Amino acid sequence: MSAVRGRLSGASRWLWIWSALGAAALWVGVILVTGRGAGGTLVAALQISSFLVLVGLGQMLVIASGNGNIDLSIPNVMTLSSLIAFSVAGSGHGSTLAGVLLGLGTGLAAASVNVIAIFLLGIPPIVATLSVGLLAESAVLEKATGFNQVAPPGLQNFVTEQVAGIPLFAIVVVVVTVIIGWVLHRSSFGRTVLAVGQSRPAADRAGLHGTAAMIGCYLLSGLLAAAAGIALAAFSGPSTSLGDPYLLTSVGVVVLGGSMISGGRANTTGIWTAALLLNLIVTFAYDVHFSVAVQDIFEGAIILGVLSFGGSAISG
Amino acid sequence: MSSLAVSEGKTARRSLRPSRFQLHEVRELLLPIAALAGVFIWTMSVQGNALSYEGLNLLFESAVPIVFATIAQGVIISLGDIDLSVGYFIGLANVIIAVYLVQQPGLGVLCLIGLVLAFVVLSVLISVRKVPSIIATLGASFIWLGVGRLILPTPGGAAPTWLSSFFTLNPPLFPLPIWLIAGGGVAAYLILFRTRIGILIRGAGSNFDALAATGQSRIKVRALAYAVAAVFAILAGFAVTAVTASGDPTASSDYTLFSIAGVILGGGSFQGGRASTVGMVAGALVISLIGSLLGLLNVSSSLQVGAQGLVLLAVIAGRRFWSERGR
C-alpha cells in the first residue's frame, strides 16, 4: 500500500510537466498560426498569466490545507477590491498608495468573513465562500452604479512596465511565487499547512495549530485576490465582471499544476506552467478565430483531458 | 449514517431502509421545515393574497427548477461527490429544449438523451481516472456552457407549445407547481429509498470501499447515480424553459449554489451517505421563497444577491448549531 502511495505521489510531483508540455505546444501553435515572434508571444503570455498565478497561489494555499478547504469567493473579491481601490485612487486624483492599501484591506476583510463563516459558524467551505462571494457581488453592484473611475496612471505604468523586454509585473509575481514556495516548504506555517492538509488528526496530535494555519491561508488568499484584482483592473480597465473567469481557472491551475485537490501537497512551479497553459489555450483559440462558445468547450476539454492523464495522481 | 451491509439477507436489507421513528432524524428535519414555515408565513404577512390559488402558483413557479436541481445535487452529494456544473447543465438543457425541441423534436429528444450520456461519461472519467468530482464537474461546466452558447449565442428560442400549455393547467386542490414539487420529491424518495439503485448510491456514499468489497462496481454505481441526477437536472431545464418561455445558457448558473445550499440546509452532508428527500425539498423551497420574499420586501436588486448570501450563511450556521445540540 505504501509503495503504491509512494509511486502515485512521485507521479503527481511531475504532473506539472504535462501542463508545461501543453503550454509549449500551444506556444508553437500560436507562433505558427499567427506568424508573430516567439518572444512577443511569450511576453504577452507571461503578462496575462501573472494575474492568474497570483490568485492561483492563494487558492493553492487554501486547497493545500485540505479538509475540504477551497476559496470560491475569489472572483467577486477581485472585482470588489479593484473598485474600492479605484474609487479612492482612480483617475489620478487621491493617493494611489491609499487606494491600493484600501483595496488590499477589502480583500482581507472579505477573507475574514470567510474565516468567521467557516471556523466560527462551522459552514462547509464551498457553501461559505460561495455565499461570501454573493455578499461581495452585492457590494460590487452597489459600488458600480455611477462608477466612472479609470486606473491611476502610476499603477497603470507599474503593471505595463517592461524590464529588458520582460514584463515588470511578471517578475514581481515570480518573486512572490518564490517567497510563497519558500514559506510553504521551509517555514513552520507552511509545514503546518501541509501537515494539516495531509491529516488533521495527525497534525493535532503533533501539537500543531491547524486551524490557525488554515485561517492564515484564507487571509493570504483574500490578500492575493485583492492584489491581482487591482493589478488586472489597472491593466485591462475596471469592470463588474473583472474576476468572473477566475472561479474555474484559479482552481484549474492548482490541480493542473500538480497540487493535490485533497490537500497536503502543493506545487508553486506548476501554478506558472498551468497558468501559461490556460492562457495560451485562450490565445490560440482566439487566433484561430474560435467563437467564445468553442473557446469554452476547448478550455473545458483540455482541463478534463489533462485531468484524465494525471487523474489518479491528483486524488492521491 | 446508515450501516453498510449489502447482502441479500433480510436483516441487512432492513438496516438500509429508513427507520421511521428515529428521534435524531425527525430532529434533522425540523429545522428546514421550521425555516420553510417561517419564510412562508413572512411572505403571507407581506403579501396577503399569496395564499390564493393564483398567488401560490406564482410563488412556487420559480421554486420548481430549484427543487429539481437540488434533488439532482442531492443524489450526487449522497454519493459523496459534488456537482459544480449543475447550473450550466440545466442551462444547456434549457437551450436544447427552447431551440431543438421546438424546431426539430426528434433531434431535441436525441440531444437530451446525449446530455444524460455525456454526464454518465463524466462519471466514468471520475471513477476510472480517480479525478475528484469537484474539479471534473468544474471543467465540464465549461463544456456545457460552451455547447449552450454554440446552440444559442444570444438568449432566445421559445417553450414548446405542449410545455407552456401544460404549465397553464389548473389541477384541483393545489396549483400545478406544488403538484410538480411534490411529485419530484416522491419520485426522488422512491428512487433513493425504495429501489436497489438508491440503496447502492447511498451505500456508496457511506463507504465506497465497503461497497466495492461486496463486488459492486464503483463505475456502475457512480454511472447510475449520475444518470439519475442528469434526468432530474433535465427536468429542472424543462421547468426553467416553461417559466421563462425562452432559452439562455447562462441564466441558470445560480442553481449550482442554490442546489448545494438546499441539500446542506435539508440535512445532507458532504461526507455522503445521508439523504432526506423531505429535507432536500424543504431546503430548496426555503432558498427559493427567500428570493421571492426579498423581491416582495422591495430590497433593491443589487442588494438581493448579498441578502441571499447572508441568509444562506445564517440558515446553514443555524442548522449546524441545531444538529450539534441534538447530539
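From a predicted model like this one, the values you see are computed outputs, not experimental measurements.

1. Side note on the overall build of chain B
Next, step 1: In terms of helices and strands, chain B carries 15 helices and zero strands.
Next, step 2: A burial count over chain B gives 54% of its 327 residues as buried.
Next, step 3: Considering only contacts in chain B between residues 6 or more positions apart, those separated by 24 or more positions represent 78%.
Next, step 4: A total accessible area of about 13,500 Å² is found for chain B, and carbon and sulfur atoms account for 66% of it.

2. Points about the overall build of chain A
Next, step 1: Across its full length, chain A holds 14 helices and two strands.
Next, step 2: Against the compact-globule benchmark of 20 Å for 316 residues, chain A has a radius of gyration of 19 Å, which places it among compact chains.
Next, step 3: Seen through its principal axes, chain A has C-alpha atoms that stretch 60 × 50 × 35 Å.
Next, step 4: A buried classification covers 51% of the 316 residues belonging to chain A.
Next, step 5: Here chain A displays about 12,100 Å² of accessible surface, and carbon together with sulfur accounts for 69% of that area.

3. Considerations on a nonpolar patch on the surface
All names here are of chain A.
Next, step 1: A cluster of nonpolar side chains, namely Val163, Ile166, Ile171, Val175 and Ile179, defines an oily patch on the protein surface of about 380 Å² accessible area.
Next, step 2: Per-element tally for the nonpolar patch: the top contributor is helix α8 (residues 168–186), with three residues.
Next, step 3: Looking at the secondary structure, you find isoleucine 166 in strand β2 (residues 166–167).

4. Regarding the nonpolar core
Next, step 1: Grouped together as the largest cluster of nonpolar side chains are 181 residues, with contacts concentrated most on A:Met60, A:Val251, B:Leu112, B:Leu115 and B:Phe119.
Next, step 2: Counting residues per element, this core draws most heavily on helix α12 (residues 218–244) of chain B, which supplies 15 residues.
Next, step 3: With residues up to four places along the chain from it excluded, the contact list for A:Met60 reads A:Ile180, A:Leu184, A:Val254, A:Ser259, A:Ala266, A:Asn267, A:Thr268 and A:Ile271.
Next, step 4: Core analysis: the next-biggest nonpolar cluster, separate from the first, contains five residues, A:Leu83, A:Ile84, A:Ala136 and A:Val140 among them.

5. Describing unusual backbone geometry
Next, step 1: One non-glycine residue, A:Asn67, lies in the positive phi region at around 55°.
Next, step 2: The topology assignment puts A:Asn67 in the loop between α3 (38–64) and α4 (74–89).
Next, step 3: Among the residues examined, A:Asn67 registers a relative accessible area of 39% and is labelled partly exposed.
Next, step 4: A positive phi angle, close to 65°, is found at B:Leu173, a residue other than glycine.
Next, step 5: Among the secondary structure elements, B:Leu173 is positioned in the loop between α8 (161–167) and α9 (176–194).

6. Quick look at helix α6 (residues 105–128) of chain B
Each α-helix turn comprises 3.6 residues. Residues three or four places apart therefore point the same way.
Residues and elements named next belong to chain B.
Next, step 1: Taking 1.5 Å of rise per residue, 24 residues should cover 34 Å, and α6 covers 34 Å from first to last C-alpha, within 8% of that figure.
Next, step 2: All of the buried residues along α6 are Gly108, Leu112, Leu115, Val116, Phe119, Val120, Leu122, Ser123, Leu125, Ile126 and Ser127.
Next, step 3: After α6 finishes, the residue lysine 130 shows a positive phi value of roughly 55°.

7. Here we look at the packing of α3(A) against helix α11 (residues 210–236) of chain A
All names here are of chain A.
Next, step 1: Where α3 meets α11, the axes come as close as 7 Å, and the angle between the chain directions of the two elements is 165°. Classified by the angle between their axes, α3 and α11 sit roughly antiparallel to one another. By crossing handedness, the relation of α3 to α11 is classed as left-handed. The segment α3 lies against α11, with Gln47, Ile48, Phe51, Leu54, Val55, Leu57, Gly58, Gln59, Leu61 and Val62 engaging Cys217, Tyr218, Leu220, Ser221, Leu224, Ala225, Ala227, Ala228, Ala231, Leu232 and Phe235.
Next, step 2: Split by residue class, the contact of α3 with α11 holds 17 nonpolar, four polar and no charged.

8. Structural notes on the environment of B:Gly184
Next, step 1: Tracing the backbone through its elements, the reader meets B:Gly184 in helix α9.
Next, step 2: Judged by relative accessible area, which is 4%, B:Gly184 ranks as buried.

9. Details of the packing of aromatic side chains
Residues and elements named next belong to chain A.
Next, step 1: Going through the model one piece at a time under the given rule, you end up with 16 aromatic pairs over all chains.
Next, step 2: Their ring planes at 70° and their centres at 6.0 Å tell us that phenylalanine 119 and tyrosine 218 sit as a pair that is edge-to-face. In this pair, phenylalanine 119 sits in helix α5 (residues 96–120) while tyrosine 218 sits in helix α11, placing the two residues 99 residues apart along the sequence.
Next, step 3: You can call phenylalanine 119 partly exposed: its relative accessible area is 26%.
Next, step 4: Of the aromatic side chains, those joined through ring pairs into one cluster are Phe51, Phe158, Phe169 and Phe235.

10. Considering the packing of helix α12 (residues 246–256) of chain A against helix α7 (residues 133–151) of chain B
Angle between the axes and distance between the axes are the two parameters that describe a pair of packed helices.
Next, step 1: One can describe the packing of α12(A) onto α7(B) by two numbers: an axis separation of 10 Å at closest approach and a directional angle of 130°. Our classification of the angle between α12(A) and α7(B) gives oblique. Of the two elements, α12(A) crosses α7(B), and the hand of that crossing is left-handed. Of the residues in α7(B), those touching α12(A) at A:Leu247, A:Leu248, A:Val251, A:Gly252 and A:Val255 are B:Ile135, B:Leu138, B:Gly139 and B:Phe142.
Next, step 2: Classifying every residue of the contact of α12(A) with α7(B) by side-chain character gives seven nonpolar, two polar and no charged.

11. Some points on the side chain of A:Ser221
Next, step 1: By the secondary structure assignment, A:Ser221 is in helix α11.
Next, step 2: When neighbours within four sequence positions are excluded, A:Ser221 is seen to be in contact with A:Gly58, A:Gln59, A:Val62, A:Asp71 and A:Ile74.

12. Details of the interface of chain B and chain A
Next, step 1: Contacts between chain B and chain A engage 38 residues on the former and 43 residues on the latter.
Next, step 2: Summed over both sides, the interface between chain B and chain A buries roughly 3,500 Å², with carbon and sulfur atoms accounting for 80% of that surface.
Next, step 3: For the pair chain B and chain A, the number of links is one salt bridge.
Next, step 4: The residue B:Arg149 makes a salt bridge to A:Asp296 at a minimum N-O spacing of 2.7 Å.
Next, step 5: Where the side of chain B that touches chain A is concerned, the elements lending two or more residues are α6, α7, α13 (255–265) and α15 (301–325) of chain B.
Next, step 6: Considered class by class, the residues forming the side of chain B that touches chain A number 27 nonpolar, seven polar and four charged.

13. With respect to the confidence of the model for chain B
Residues and elements named next belong to chain B.
Next, step 1: In this model, chain B carries a mean pLDDT of 83, and residues with pLDDT of at least 70 account for 87%.
Next, step 2: Segment residues 1–15: pLDDT under 50, and 23 contacts once partners within four positions in sequence are set aside and those in other chains are kept.
Next, step 3: Below a pLDDT of 50 lies the segment residues 17–21, which in the model reaches seven contacts outside its immediate sequence neighbourhood of four places, other chains included.

14. Points about the pattern of salt bridges
All names here are of chain B.
Next, step 1: Within this structure, the stated rule accounts for three salt bridges over all chains.
Next, step 2: Put simply, arginine 222 and aspartate 81 hold a salt bridge, and the shortest N to O gap is 2.8 Å. One end of the pair, arginine 222, is in helix α12; the other, aspartate 81, is in the loop between α4 (63–78) and α5 (86–103), with 141 residues separating them in the sequence. The residues arginine 222 and aspartate 81 share a single accessibility class, namely buried.

15. What to know about the environment of B:Leu110
All names here are of chain B.
Next, step 1: Its location among the elements puts leucine 110 in helix α6.
Next, step 2: Among the residues examined, leucine 110 registers a relative accessible area of 59% and is labelled exposed.
Next, step 3: As a C-alpha pair, leucine 110 and tyrosine 100 span 10 residues in sequence and 9.7 Å in three-dimensional space.

Rules behind the numbers
- Residues numbered from 1 in each chain as written.
- Chains lettered and ligands numbered in written order.
- Predicted model: local features only at pLDDT ≥ 70, side-chain atom pairs only at ≥ 80, totals over all residues.
- Heavy atoms only, no water.
- Helix = DSSP H or I, 4+ residues; strand = E, 2+ residues; numbered from the N terminus.
- Buried < 20%, exposed > 50% of the residue type's maximum accessible area, 1.4 Å probe, protein only.
- Contact = heavy atoms within 4.5 Å.
- Areas by Shrake-Rupley, 256 points an atom, 1.4 Å probe, with all protein chains shown as cover.
- Rg over C-alpha atoms; globule rule 2.2 N^0.38 Å.
- Patch = residues over 30% accessible without salt bridge, like charges linked within 9 Å, V, L, I, M, F, W, Y side chains within 5 Å.
- Salt bridge = Lys/Arg side-chain N within 4 Å of Asp/Glu carboxyl O.
- Core = buried A, V, L, I, M, F, W, Y, C linked by side-chain atoms within 4.5 Å.
- Expected span 1.5 Å × (residues − 1).
- Axes fitted to C-alpha atoms, helices over the stretch in contact; angles between N-to-C directions.
- Parallel < 35°, antiparallel > 145°, perpendicular 65-115°, else oblique.
- Left-handed = near helix turned anticlockwise from the far one by under 90°.
- Nonpolar A, V, L, I, M, F, W, Y, C, P; charged D, E, K, R; others polar.
- Phe/Tyr/Trp six-rings, centres within 6.5 Å; stacked < 30°, edge-to-face > 60°.
- Buried area = accessible area lost by both parts, 1.4 Å probe.
- pLDDT = per-residue confidence, 0-100.

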